[in-house]
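Examination of the molecular architecture
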Amino acid sequence: MKLLALFLLLTAGAFAQIPGTEEENTHNHGNLGAYFDYTRLSTKGSTANMLGFGGRIGFNVQRHIVLEAEVTYDFKRSVTNTITAGGITSSSTANVKSLTGLFGPKIQTTGNTRFFGLVKGGFVNFGVSGPGPAGSVNNQLGNLVNGGTSAVVYPGGGVEFQWGKFGLRAEAGDEIMFLSTMQNNFRATVGYNFRF
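Now for a look at the structure at hand.

Conventions and cut-offs
Residues numbered from 1 in each chain as written. Predicted model: local features only at pLDDT ≥ 70, side-chain atom pairs only at ≥ 80, totals over all residues. Heavy atoms only, no water. Helix = DSSP H or I, 4+ residues; strand = E, 2+ residues; numbered from the N terminus. Buried < 20%, exposed > 50% of the residue type's maximum accessible area, 1.4 Å probe, protein only. Areas by Shrake-Rupley, 256 points an atom, 1.4 Å probe, with all protein chains shown as cover. Patch = residues over 30% accessible without salt bridge, like charges linked within 9 Å, V, L, I, M, F, W, Y side chains within 5 Å. Salt bridge = Lys/Arg side-chain N within 4 Å of Asp/Glu carboxyl O. Core = buried A, V, L, I, M, F, W, Y, C linked by side-chain atoms within 4.5 Å. Contact = heavy atoms within 4.5 Å. Polar contact = N/O pair within 3.5 Å; in protein donor to acceptor, adjacent residues only side chain to side chain. Pairing = 2+ DSSP bridges.

1. Some words on the overall build of the chain
Looking only at helices and strands, one finds two helices and ten strands in the chain. When the helices and strands of the chain are listed from N to C terminus, the series reads α-α-β-β-β-β-β-β-β-β-β-β. Counting only residues that meet the buried cut, the chain has 41% of its 196 residues in that class. As displayed, the chain has an accessible area near 10,000 Å², and 67% of this comes from carbon and sulfur atoms.

2. Looking at a nonpolar patch on the surface
A surface patch of nonpolar side chains, amounting to about 750 Å² of accessible area, comprises Phe 36, Leu 51, Phe 53, Val 71, Tyr 73, Phe 75, Leu 99 and Phe 123. For the nonpolar patch, the secondary-structure elements that each account for two or more residues are strand 2 (46–62) and strand 3 (65–85). The greatest single-element share of the nonpolar patch, amounting to three residues, is contributed by strand 3. Relative to the elements of secondary structure, Phe 123 occurs in strand 5 (residues 113–129). By relative accessible area, Phe 123 is classed as partly exposed at 36%.

3. Topic: the environment of Ala 48
Among the secondary structure elements, Ala 48 is positioned in strand 2. On the accessibility criterion, Ala 48 (4% relative accessible area) is buried. Taking the C-alpha atoms as reference points, Ala 48 and Ser 78, separated by 30 residues in sequence, lie 8.2 Å from one another.

4. Considerations on the nonpolar core
As a rule of thumb, soluble globular proteins bury nonpolar side chains together. Counting residues in each nonpolar core, the largest one holds 14 residues, and the members touching the most others are Leu 41, Met 50, Val 96, Val 124, Phe 126, Val 152 and Met 177. For this core, the element with the most residues is strand 5, which contributes five residues. If sequence neighbours within four positions are ignored, Met 50 has contacts with Asp 37, Tyr 38, Thr 39, Leu 41, Asp 74, Phe 75, Arg 77, Val 96, Lys 97 and Ser 98.

5. Description of the pattern of salt bridges
Applying the stated criterion across every chain, the model contains twelve salt bridges. A salt bridge links Lys 106 to Glu 68, with the nearest nitrogen and oxygen atoms 3.7 Å apart. With Lys 106 in strand 4 (residues 88–108) and Glu 68 in strand 3, the pair connects residues that are 38 residues apart, well separated along the chain. The burial state of Lys 106 is the same as that of Glu 68; both residues are buried. One network of salt bridges, with partners in common, ties together Asp 37, Arg 56, Glu 68, Glu 70, Lys 106, Lys 120, Glu 160, Arg 169, Glu 171, Glu 175 and Arg 187.

6. Re the side chain of Asp 37
Within the element layout of this structure, Asp 37 appears in strand 1 (residues 30–43). There is a polar contact of 3.0 Å between the side chain of Asp 37 and the side chain of Arg 187.

7. So, the pairing of strand 9 (residues 166–178)
Where strand 8 (residues 149–163) and strand 9 come together, eleven bridges link them in antiparallel fashion. Among the inter-strand pairings, Glu 160 is bridged to a residue of strand 9, identified as Arg 169. The antiparallel pairing of strand 9 with strand 10 (residues 182–195) creates a hairpin that spans three residues between the two strands.

8. Looking at the environment of Leu 99
Its place among the elements puts Leu 99 in strand 4. Since its relative accessible area comes to 35%, Leu 99 is described here as partly exposed. Once the C-alpha coordinates of Leu 99 and Phe 123 are considered, the two residues, 24 residues apart in sequence, prove to be 8.3 Å apart. Once residues lying within four places of it in the same chain are set aside, the contact partners of Leu 99 are Val 71, Thr 72, Tyr 73, Phe 123, Val 124 and Asn 125.

Geometry only, nothing functional implied.
As structure tokens, then:
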């Protein structure tokens, strides 16, 4: 994490020295990007550090407003689930993976270093599997059930460093999932984008 922070600071200094050009306006209609994703999933009775990758595409409504759509796939992770029933506590291990789709506006500054805020809505679908037969208690993790799809709201913000058509983007926010209860999860992404 410290290495990533150092890389972002050095990159920011390099990109901040590049003056704005007419090329910025020529390549300012939208963006296409790929990123790595980290989500700290906090479910009832357990937490999971989900890692994955995703892609996004955005189209500028105007200079400061971009409509973006993105899809993220988080790889399967083993998570220990603690269940208490009738005064008896037991633990089981479940495998969790997720697919998330989000869409919404991004409001940004202009220039080669861009700060932005965003609010996106969409869905998350979980795949949960355990050692038991399909449909058993082993195929759920807290309030996540295998094949369950839930609504998501994602407010966040970040920074982009551009050099002509290409750039580096980092963002973080709160991925709020509406499962049986509202659940807050930290989410961060880092990746490259191509401006067109």
